[in-house]
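In case you want the letters, here they are:
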There are 4 protein chains.
Amino acid sequence: MAKIAILGATGYTALELLKILARHPEAEVTALTTRQENRPHISEIHPSLYGMFDLTCENLTPEEVSTRAEIVFCALPHTASMEAVPQLLDAGCRVIDLSADYRLTDPGVYEAWYGHVHTDPTRLRSAVYGLPEVYFNRIPGASLVANPGCYTSTSIIALAPLVSAGLIEPDGIIIDAKSGVSGAGRTPKLGTLFSECNESVSPYSIGNHRHTPEIEQVLSDLGGKSVEVAFNPHLMPMDRGILCSIYPRLRNSATIDELLNIYRRFYVDQPFVRIIDHMPATKHVAHTNFCDITVRFNRNQLVVFAAIDNLIKGASGVAVQNMNILLGLDQRTGLLN
Amino acid sequence: MAKIAILGATGYTALELLKILARHPEAEVTALTTRQENRPHISEIHPSLYGMFDLTCENLTPEEVSTRAEIVFCALPHTASMEAVPQLLDAGCRVIDLSADYRLTDPGVYEAWYGHVHTDPTRLRSAVYGLPEVYFNRIPGASLVANPGCYTSTSIIALAPLVSAGLIEPDGIIIDAKSGVSGAGRTPKLGTLFSECNESVSPYSIGNHRHTPEIEQVLSDLGGKSVEVAFNPHLMPMDRGILCSIYPRLRNSATIDELLNIYRRFYVDQPFVRIIDHMPATKHVAHTNFCDITVRFNRNQLVVFAAIDNLIKGASGVAVQNMNILLGLDQRTGLLN
Amino acid sequence: MAKIAILGATGYTALELLKILARHPEAEVTALTTRQENRPHISEIHPSLYGMFDLTCENLTPEEVSTRAEIVFCALPHTASMEAVPQLLDAGCRVIDLSADYRLTDPGVYEAWYGHVHTDPTRLRSAVYGLPEVYFNRIPGASLVANPGCYTSTSIIALAPLVSAGLIEPDGIIIDAKSGVSGAGRTPKLGTLFSECNESVSPYSIGNHRHTPEIEQVLSDLGGKSVEVAFNPHLMPMDRGILCSIYPRLRNSATIDELLNIYRRFYVDQPFVRIIDHMPATKHVAHTNFCDITVRFNRNQLVVFAAIDNLIKGASGVAVQNMNILLGLDQRTGLLN
Amino acid sequence: MAKIAILGATGYTALELLKILARHPEAEVTALTTRQENRPHISEIHPSLYGMFDLTCENLTPEEVSTRAEIVFCALPHTASMEAVPQLLDAGCRVIDLSADYRLTDPGVYEAWYGHVHTDPTRLRSAVYGLPEVYFNRIPGASLVANPGCYTSTSIIALAPLVSAGLIEPDGIIIDAKSGVSGAGRTPKLGTLFSECNESVSPYSIGNHRHTPEIEQVLSDLGGKSVEVAFNPHLMPMDRGILCSIYPRLRNSATIDELLNIYRRFYVDQPFVRIIDHMPATKHVAHTNFCDITVRFNRNQLVVFAAIDNLIKGASGVAVQNMNILLGLDQRTGLLN
């Protein structure tokens, strides 16, 4: 049984991590942290966990955490992560960081998009980007895994087979992304109130959403040349789920069957990617670690559709998938069987 | 007071028509029809109208309707409309047809997309496409107004200023459209059950949605050359609202301010088009006849966002707007003041 | 045209007031206030109002407001109202207060339930409780109208005919109330985030909801003896609407028809109360000022069902209804025709 | 590995059964049935199961089913169940029937509430009511388990400790129940369309809901005297979840702590009942087999609140719980660990 800690236990990704870990046969949660000083029981923070964990949320230092856990999920806000992670690594923990702090390899890009100087540029470069569907082989030996963003995972998994094979133009890729509200986190804000989001669909962060450089970094790496996307997120009136409708330009003609086969071959060993013939729907992947993908032509325009659960495959599910790989377990452990 | 009939009173568009007409100072509803033989009171069909109309839904012939009304809203399914409309016109009524039967000027295009031979091709050519924002001058003298589709209105209003000025390439226009469920009508179907749609986003009818030729017909007319769109509708978990996110290719560079000014000038006389600086949201136009539009650049990609209420501006509101024009009233009567 | 001001223009009740007043033929909004100092345009606060009002929200004193308006809607939080209202009244305005500050006639009861000493007990006693369905005659000459709470209106309208006629036991009346989330206001709080409320139903404030003494005060007045209710509110995953399912004990046997007739007679002159035979649904009254009521027996237990839109009949609609009465207009002006 | 069949695989309860069984370590699904003749793959019926089961839905006779499975979940409509179950039992299968056909011990009561003569009255009497929280000891040796209704389970679990101890009056128990829409099944009907249910709360089947006699039968058995409830169901705009707010009359005074302790002792061995201090919410039990319960006083009125997921604890979860008991497994297998 691997001993597991979660830093920042009050948000939705921590809640989903705990729900998954409650069923996991090889993991035991031994520490939860919060900045609150009153040591709330975890079921006071997340009433759905009542009776499932006998753990309080403590204001622990990274050093204290390291004495209790070998693997640490860091579910802190960005900038807070890069303060805690170095101490955790120095103390010998392996870290899966769910923040954005270690996802971008270039500290200049981080600063440009997040508005902060990166204080740990060395480890930034050595962190492994934890998307097993494309970087599986890099993960087993990693000490620091940067868990990908939710929009990022969906977009990359949807485009990786085409980009890797050089089948599409590397620029002008339009991503029209639709997400449920849980992606915006649990901190009360006007924009995520029920009475503001419900019965409404709206675009936001057009041209400046922080998942953009992350998508481009990985796709550029896979394609061997600079990839540029126009990423357009929209808020949907639902709890969870992301659908990306992606409009790339094919370089040569191909049929739907040829394209689906390229996808099937690319993901032949990936248990969580389902290449489907029917239309995806976020409900079909809700509460699972699956990513459903299909392609269509609309007139001459290729369209790739990909759907995930933003809290599972987009955050906590892939984090456990990464944990499984770090522990040498089957990727599916606790997620699919 | 104009005497008004509604053919096909059981659906959502009829319900919205009745709610608007209940407040309209110059219209009196005098007949409602249904194929049901039991003459249900309108408030049995639509309980929200209880106490507002003392009308039963009758199985009337077009001739019978024509003796009671001068203007007829035809809210029948397609193919049923083109059976009723000729008789209504022959009997002297003016007709606003909410079905698709008189929207496409070419009967061959109608047959190709709807799978039926058009049985009234002569009137098909003389019908006026009832989108006042682009064809205002054609409507006042019309005897038959083809009320536009919901996605169609949104897409055309969003693109008309650019297409009319020749600012964008006429082909490869990507429309990523998101609609609430009421657009699918009130006939029980698996796909529109609450438990299927709720908490889900999914694409549908990719490449074969029947609003496609309608959008292209009007934009081609406005642009003076053949316009081609890749129209991609998505179902959203909400009652009402459409947001179109449109990705055209600009022919020459322009700034956002220049583009917004082009839109403002184009719609200077249109009380229901709001050119906004902030992001549109379907909630901001819900239960109104407004269409909110803005534009952005994402990298080099122009994006046009347009939002309407699919049941109002997308169906019953624009139908009353057309009625106002036929009656020589201010367009806004009963809709905005 | 009556000149109208709204104090506290940023919340949902102010938004709904403005939507109603935009259509009202006898009212002109001349001032809006906020504590924000940056003078935001009203459409920056409420984007749905874009283009409808050319008004900024100003940090005005009550005296300044009084120079611009004859009727003032006070949509401030409780305790803030009882600071502003005396000054408005002294300056000659007539005030419709949407807060709870002037609803309870006994300052001791106010202090017990709101935790604050009432600083304006004199006016507390002279304020008129603005529920036209039961106190119509008191309102025309009032200078200060205390606009009722949303749960309160629903409960009182549902019970007034029975209590007034002495048909039910005055104690042990169980009210199981279900409300949409907008009733909780527009201030960001964890409990009203979309991701907390959506897909969830839960009870709250059992035994201590502040609408309890308000319901009891009015029903006791109508019944001529002390009435006691067990009021149990529940939060529903929807924007707007209240359904109260009320379980009183009949003192003598009666049939459903007899009871419905008692209701119909009681409300014969009230245009917004609809006594129905079918089951009410909040959707049937959404965006209207109606209150739909029916009664049933379940075994021997009488059940009264009543539905309203909490933002309209439960707040802003009844406020305009009160304004109409103050101005000597038909109650329905701007609300129903 | 126990071999499992599901009769009637197209509905929501079958879908949830399959999701649970996919994770279950001791069960293998070997047959699925439908009346459709085209042998659809299960993932065509339920796209969320894509890749998880390699099974088609076949139009099998009970005899054919019995050669493939030792335990059969019967998810057929009522009356269809009592045709299939006798044949399954005769062929040696053990049956967990999710319909209502074997829940009521008295065939006359069945006929009165369901409008059909019961055609298998002998087995009706020998079937075991499959609510482990009250009848655990009867289940292990059963050949036919009648799986309880969703409202029924919630109501019985909420009241069993009070009724068993004789703490409340046996009549006049008011149950105000709120359910998500999935409880109404997957057959397309006007009343369960998204556009009808969304943004709406409404009561239905007041006085004639078929779960009433089921609740009374079990509570009467537990209390040793006839129990009578006024059961009032309401439809909520959400997928899943039931909250029952129950208003019984205490026979003697008691404190909340005393009552909570009675509940805790009653359910000390039941892993799926959580006696909580905070307010329950359907979201806290969604996608789990838990039933959360608390009690409060409102004035002098006792209120019991209980929440479940209607598809899990209210149907498919308790069905698997029953299967576990039949197989001699820990109740929690596949459900909680």
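Participant: Looking at this structure, how should I read the overall build of chain A?
Facilitator: Secondary structure summary: chain A contains 13 helices and 14 strands in total. For 337 residues, the compact-globule formula gives about 20 Å, and the C-alpha radius of gyration of chain A, at 19 Å, lands near that figure. Taking the principal axes of the C-alpha coordinates as reference, chain A spans close to 60 × 45 × 40 Å. A total of 337 residues make up chain A; the buried ones form 63% of that total. Here the contacts in chain A between residues at least 6 apart in sequence split such that 69% fall between residues at least 24 apart. Working note: accessible area of chain A is about 11200 Å², and carbon and sulfur atoms make up 47% of it. Side chains of chain A carry 27 positive and 35 negative charges; the gap between the two charge centres is 5 Å.

Participant: Would you take a moment to explain the packing of aromatic side chains for this structure?
Facilitator: Scanning the entire structure with this criterion turns up 23 aromatic pairs over all chains. Taken together, a centroid distance of 5.3 Å and an interplanar angle of 15° make the contact between A:F194 and C:F194 stacked. Of this pair, A:F194 sits in helix α9 (residues 194-197) while C:F194 sits in helix α9 (residues 194-197), placing the two residues on different chains. Note that A:R274 overlies the ring of A:F290, its terminal NZ or CZ placed 3.8 Å from the centroid.

Participant: Is there a simple way to think about the interface of chain A and chain D in this case?
Facilitator: Interfaces are often sized by the accessible area lost when the parts come together. On the side of chain D, 20 residues touch chain A, which itself brings 20 residues to the contact. Together chain A and chain D conceal approximately 1900 Å² of surface at their shared face, both sides included; 50% is due to carbon and sulfur atoms. It is A:R23, A:Y50 and A:R274 in chain A that bury the most area against chain D; as a group they hold 31% of the surface buried on that side. Linking chain A with chain D are 2 salt bridges, by the criterion used here. Note that A:K283 is salt-bridged to D:D239, the shortest N-O span being 2.6 Å. Where chain A touches chain D, the interface holds 11 residue pairs in polar contact (both at pLDDT 80 or more). Taken together, the elements giving at least two residues each to the side of chain A that touches chain D come down to β12 (273-275) and α12 (282-285) of chain A.

Participant: When you look at the relation of the copies chain A and chain B in this model, what are you seeing that I'm missing?
Facilitator: Both copies of the chain are related through a single rotation about an axis accompanied by a shift along the same axis. Superposing chain A onto chain B takes a rotation of 180° plus a shift of 0.0 Å along the axis, which leaves an RMSD of 0.0 Å. On this basis, the relationship between the two copies can be described by a two-fold rotation axis. Within chain A, A:P237 has its C-alpha nearest the rotation axis, a separation of 3.2 Å.

Participant: Mind showing me how you'd approach the sheet that holds strand β10 (residues 229-235) of chain A here?
Facilitator: In any sheet, the strands associate via hydrogen bonds between backbone groups, in a parallel or an antiparallel arrangement. Residues and elements named next belong to chain A. Taken together, 7 strands build an open sheet; the order of strands is β9-β10-β8-β11-β14-β13-β12 and the sheet is mixed. A single partner strand is all that each edge strand has here, and the edge strands are β9 (202-203) and β12. For strand β8 (residues 173-179) and β10, the ladder comprises 7 bridges, and the chain directions are parallel. Bridge assignment links S179 to a residue of β10, and that residue is L235. Those strands touched by helix α11 (residues 256-266) are β12, β13 (291-298) and β14 (301-308), and its axis lies near 160° from that of β13.

Participant: I keep staring at the sheet that holds strand β1 (residues 2-7) of chain C and nothing clicks. Help me out?
Facilitator: Residues and elements named next belong to chain C. Taken in spatial order, the 7 strands line up as β3-β2-β1-β4-β5-β7-β6 in an open sheet, and their pairing is parallel. If you trace the sheet from one side to the other, it starts and ends with β3 (57-58) and β6 (128-129), each paired once. Here 5 bridges tie β1 to strand β2 (residues 27-33), and the two strands are oriented parallel to one another. Each residue of the ladder has a partner; that of A5, found in β2, is A31.

Participant: Help me out: how do you make sense of the interface of chain A and chain B in this one?
Facilitator: Each partner contributes residues to the interface: chain A has 42 residues there, and chain B has 42 residues. Taken over both partners, the interface formed by chain A and chain B buries close to 3400 Å², and the fraction arising from carbon and sulfur atoms is 56%. Linking chain A with chain B are 6 salt bridges, by the criterion used here. Residue A:R299 is joined to B:E228 by a salt bridge in which the shortest nitrogen-to-oxygen separation is 3.7 Å. Here chain A is connected to chain B by 25 residue pairs in polar contact (both at pLDDT 80 or more). A total of 5 residues in the side of chain A that touches chain B trace back to one element, the largest contributor, which is β10(A). Across the side of chain A that touches chain B, the residue classes break down as 19 nonpolar, 12 polar and 11 charged.

Participant: Can you walk me through the environment of D:A75 in this structure?
Facilitator: Examined against the element boundaries, D:A75 turns out to sit in the loop between β4 (71-74) and α4 (81-90). Once residues lying within four places of it in the same chain are set aside, the contact partners of D:A75 are D:L7, D:G8, D:T13 and D:L98.

Participant: Could you clarify how one ought to interpret the pattern of salt bridges in this entry?
Facilitator: Opposite charge on two side chains permits pairing when their charged atoms draw close. Taken as a whole and judged by the stated rule, the model has 84 salt bridges over all chains. In this structure, D:K178 and D:D176 form a salt bridge, with 2.9 Å as the shortest nitrogen-oxygen distance. Here the two residues D:K178 and D:D176 agree in accessibility, since each one is buried. With a closest N to O distance of 2.7 Å, D:D292 and D:R274 form a salt bridge. Linking D:D292 in strand β13 (residues 291-298) with D:R274 in strand β12 (residues 273-275), this pair joins segments that are 18 residues apart in sequence. Judged by relative accessible area, which is 3%, D:R274 ranks as buried. The network of salt bridges with shared partners includes A:E16, A:K19, A:R240 and A:D309.

Participant: Looking at this model, I keep getting lost on the domain arrangement of chain A. Mind explaining?
Facilitator: All names here are of chain A. According to the domain assignment, chain A consists of domain 1 (2-148 + 314-326) and domain 2 (151-310). Each of domain 1 and domain 2 has a C-alpha centre, and the two are 24 Å apart. Summed over both partners, the interface of domain 1 with domain 2 comes to about 2200 Å²; 54% of that surface belongs to carbon and sulfur atoms. In terms of surface lost to domain 2, no three residues of domain 1 exceed Y12, W113 and E133, which account for 30% of the buried area on that side. In this structure, the salt-bridge partner of R240 is E16, at a minimum N-O distance of 2.6 Å. Those elements that place two or more of their residues in the side of domain 1 that touches domain 2 are α1 (12-23), α5 (107-114), α7 (132-135) and α13 (312-326). Here the side of domain 1 that touches domain 2 gets 5 residues from one element, more than from any other, and that element is α13. Here the residues of the side of domain 1 that touches domain 2 sort into 14 nonpolar, 8 polar and 4 charged.

Calculation rules
Residues numbered from 1 in each chain as written. Chains lettered and ligands numbered in written order. Predicted model: local features only at pLDDT ≥ 70, side-chain atom pairs only at ≥ 80, totals over all residues. Heavy atoms only, no water. Helix = DSSP H or I, 4+ residues; strand = E, 2+ residues; numbered from the N terminus. Rg over C-alpha atoms; globule rule 2.2 N^0.38 Å. Buried < 20%, exposed > 50% of the residue type's maximum accessible area, 1.4 Å probe, protein only. Contact = heavy atoms within 4.5 Å. Areas by Shrake-Rupley, 256 points an atom, 1.4 Å probe, with all protein chains shown as cover. Lys, Arg positive; Asp, Glu negative; His and termini not counted. Charge placed at Lys NZ, Arg CZ, Asp CG, Glu CD. Phe/Tyr/Trp six-rings, centres within 6.5 Å; stacked < 30°, edge-to-face > 60°. Lys NZ or Arg CZ within 6 Å of the ring centre and 35° of its normal. Buried area = accessible area lost by both parts, 1.4 Å probe. Salt bridge = Lys/Arg side-chain N within 4 Å of Asp/Glu carboxyl O. Polar contact = N/O pair within 3.5 Å; in protein donor to acceptor, adjacent residues only side chain to side chain. Least-squares fit on C-alpha atoms with pLDDT ≥ 70 in both. Pairing = 2+ DSSP bridges. Axes fitted to C-alpha atoms, helices over the stretch in contact; angles between N-to-C directions. Nonpolar A, V, L, I, M, F, W, Y, C, P; charged D, E, K, R; others polar. Domains from an automatic or database assignment.

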